[in-house]
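An overview of the molecular structure
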Number of protein chains: 2
Amino acid sequence: VIGSAQNPHVAAARPLLTRRGRAAASAFLVEGPHAVGEVLAGDHVVRELFVTDVAADREVELMRVAATRRIPIRVVTEKVLARLGDTVTPQGLVAVVALPSADLAGVLSAAPRLVVVLDAVADPGNAGTVIRTADALGADAVILSQGSVDVYGGKVVRAAAGSLLHLPVIPGVDAEAAVAALKAAGIAVLATAATGEDSLDDVMDTEALAGPTAWLLGNEAHGLPQGLMDAADRRVRVPLRGRAESLNLAATAAICLHATSRAQNRTG
Amino acid sequence: VIGSAQNPHVAAARPLLTRRGRAAASAFLVEGPHAVGEVLAGDHVVRELFVTDVAADREVELMRVAATRRIPIRVVTEKVLARLGDTVTPQGLVAVVALPSADLAGVLSAAPRLVVVLDAVADPGNAGTVIRTADALGADAVILSQGSVDVYGGKVVRAAAGSLLHLPVIPGVDAEAAVAALKAAGIAVLATAATGEDSLDDVMDTEALAGPTAWLLGNEAHGLPQGLMDAADRRVRVPLRGRAESLNLAATAAICLHATSRAQNRTG
């Protein structure tokens, strides 16, 4: 049982709590039995697993899978494990997982029908929730611009609830280049904007959402820059009918993605 | 300038950071110039305003409105103000606002067309986002069951972004009694459930959402109890088409409320 944060394995994993450390090691941390179980069930590269003795005794099946996959298991004290989590309760398990290697060219070559592009999204909870929503509604990829929050930070990982490893999530993309590439691939790019010329409610009456579609969403406070708005095929507003000035980003994404998912899966 | 947290005004306001203190004083705290400006612009009872000298100099118009309304203004140091906020940066202003007094009977007497009922919702960010979304999409009220998170806590107030004071928000209601009262008022009660017998996408093809509608949503982890599911007129699922096990509560609410808002505002 490792009882010191100076242990070399622990010391090597600690920098993964920072964006810089994750980039340098090409790895990130996944906490808790549910999320770690999902990672082990998929085909992700799990480099090592830190676990308390209590959790090792409790999570028999997880330990068996990890051993079968020859993943190094480091038994640590509660106190050491807490140094590897950024929640108060990492629930006894932290996995070191290699960053997925999806890229835009790979996504486009698979003829995607529903894509999300997030430009300069700042809030980790928003980014994580959008990734989870995109996954749930059957999107093929989520693309994030340079200048967006790091998708492999703890808060995004937790809000995404496993979805980060379910579909290609591509960070660090130049948003203008992504929009151009999506359009060149025959995908309609729809920008969400409070001032959009098209009402989503009217767009839903047409066939516009039934084809391959990318939704482009901007920063929580500032929205999309004019260049990206202009580059999109349409600018679409969700009609507001109350007194709130705006919808939250994740709510806007949920509404737009659901409308598209429905249009693309009509049986009638 | 008040420089001590032992000052009687400050000491009297501090308990409002807790649910118990808010209930005892029938008041809650609103932080920051934007939210405080919204409160002052409405017809809410603002009991007093704590402000740093820097913020008082900057927010000239807010100070003028507060003075016109004869709201006591307490100038405090940054350090004292920080004791009244639960964010790191309360941005120089904290208002003490009387709890709104909406009740279910009052809401029902106004013939509402779109209502949200949250049962045992635990996460303050979710509750606040649902209230903001309900406001934005033109809902007439949000009802929360006993056992839900306190809607006047700081995290809910911030996530709701002012919407808490835009539409009637009614906490502490018995959910079964609320469902019965909504049905008796001729409002269709639709429960959201992953196992619901009706797909939202199909329901949207009918006229079912065009009439007065209440959406019933349950706890983030456990969903709705069977009794409430059975009491609803329909149980509706948002079709999931990816690998995520579920949508987050606020995303589900956004999708269902948008579908209803659209159906109720058709011009065709």
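Reading the values: the criteria
Residues numbered from 1 in each chain as written. Chains lettered and ligands numbered in written order. Predicted model: local features only at pLDDT ≥ 70, side-chain atom pairs only at ≥ 80, totals over all residues. Heavy atoms only, no water. Buried < 20%, exposed > 50% of the residue type's maximum accessible area, 1.4 Å probe, protein only. Helix = DSSP H or I, 4+ residues; strand = E, 2+ residues; numbered from the N terminus. Arc of directions from axis to C-beta. Contact = heavy atoms within 4.5 Å. Buried area = accessible area lost by both parts, 1.4 Å probe. Salt bridge = Lys/Arg side-chain N within 4 Å of Asp/Glu carboxyl O. Polar contact = N/O pair within 3.5 Å; in protein donor to acceptor, adjacent residues only side chain to side chain. Nonpolar A, V, L, I, M, F, W, Y, C, P; charged D, E, K, R; others polar. Expected span 1.5 Å × (residues − 1). Phe/Tyr/Trp six-rings, centres within 6.5 Å; stacked < 30°, edge-to-face > 60°.

Section: helix α5 (residues 60–68) of chain B
Residues and elements named next belong to chain B.
- Listing the buried residues of α5 in full gives L62, M63, V65 and A66. Down the axis, α5 shows its buried residues gathered within 165° of arc, on one side only. Residues of α5 that are exposed and point over 90 degrees away from its buried face: V60 and T68.
- Its buried side turned inward, α5 meets α3 (33–41), β2 (46–52), α4 (53–58), β3 (73–76) and β4 (93–98).
- R70 sits one or two positions beyond α5 and adopts a positive phi of about 55°.

Regarding the environment of B:A105
- Mapped onto the elements of the fold, B:A105 is located in helix α7 (residues 104–109).
- Residues B:A105 and B:D43, spaced 62 residues apart in sequence, show a C-alpha to C-alpha distance of 21 Å.

As for the interface of chain B and chain A
- Each partner contributes residues to the interface: chain B has 35 residues there, and chain A has 35 residues.
- With both sides pooled, the region where chain B packs onto chain A buries about 3100 Å², and carbon together with sulfur makes up 52% of that total.
- Of the charged contacts, one joins A:D205 and B:R266 as a salt bridge, the two residues approaching to 2.6 Å between their closest N and O atoms.
- Across the chain B-chain A interface, the total number found is 26 residue pairs in polar contact (both at pLDDT 80 or more).
- With six residues, helix α13 (residues 249–264) of chain B is the single largest residue contributor to the side of chain B that touches chain A.
- Of the residues contributing to the side of chain B that touches chain A, the split by class is 13 nonpolar, 12 polar and 10 charged.

What to know about helix α8 (residues 124–136) of chain A
- Relative to the 18 Å expected for 13 residues at 1.5 Å per residue, α8(A) spans 18 Å between its end C-alpha atoms, a close match to the ideal helical length.
- With 12 of 13 residues buried, α8(A) is to be regarded as a mostly interior element.
- A:P124, A:N126, A:A127, A:G128, A:T129, A:V130, A:I131, A:R132, A:T133, A:A134, A:D135 and A:A136 are the residues of α8(A) that are buried.
- Tucked inside the fold, the buried residues of α8(A) contact β5 (114–118), β6 (141–145), α9 (154–160), β7 (169–173) and α13 (249–264) of chain A together with α13 of chain B.
- Two to three positions downstream of the cap, the backbone nitrogen of A:G125 sits 3.1 Å from a side-chain oxygen, assigning the N-cap of α8(A) to A:D123.
- Positive backbone phi, approximately 85°, marks A:G138, located one or two places after α8(A).

Focus: the pattern of salt bridges
Residues and elements named next belong to chain A.
- What the rule picks out here adds up to 20 salt bridges over all chains.
- Between R74 and E48 there is a salt bridge whose closest N-O contact spans 2.6 Å. One end of the pair, R74, is in strand β3 (residues 73–76); the other, E48, is in strand β2 (residues 46–52), with 26 residues separating them in the sequence.
- Judged by its relative accessible area of 11%, E48 is buried.

What to know about the side chain of B:S261
- Here B:S261 shows up in helix α13.
- Those residues in contact with B:S261 that lie beyond four places of it in its chain are A:R241, B:L114 and B:L137.

Notes on the packing of aromatic side chains
Residue and element names in this part refer to chain A.
- Inspection of the entire model under this criterion finds two aromatic pairs over all chains.
- With a centroid separation of 4.7 Å and 50° between ring planes, the pair formed by F28 and Y152 is classed as tilted. With F28 in strand β1 (residues 27–31) and Y152 in the loop between β6 and α9, the pair connects residues that are 124 residues apart, well separated along the chain.
- F28 sits in the buried class, given a relative accessible area of 1%.

Details of the environment of A:R47
All names here are of chain A.
- Locating R47 in the fold gives a position in strand β2.
- The spacing of R47 and K155 is 108 residues in sequence and 21 Å in space, taken between C-alpha atoms.
- Those residues in contact with R47, other than ones at most four positions away along the chain, are A25, S26, A27, I71, P72, V96 and A98.
- Here A25 takes part through its backbone oxygen, which lies 2.9 Å from a polar atom of the side chain of R47.

Honestly, that's just the spatial picture; any functional story needs more than this.
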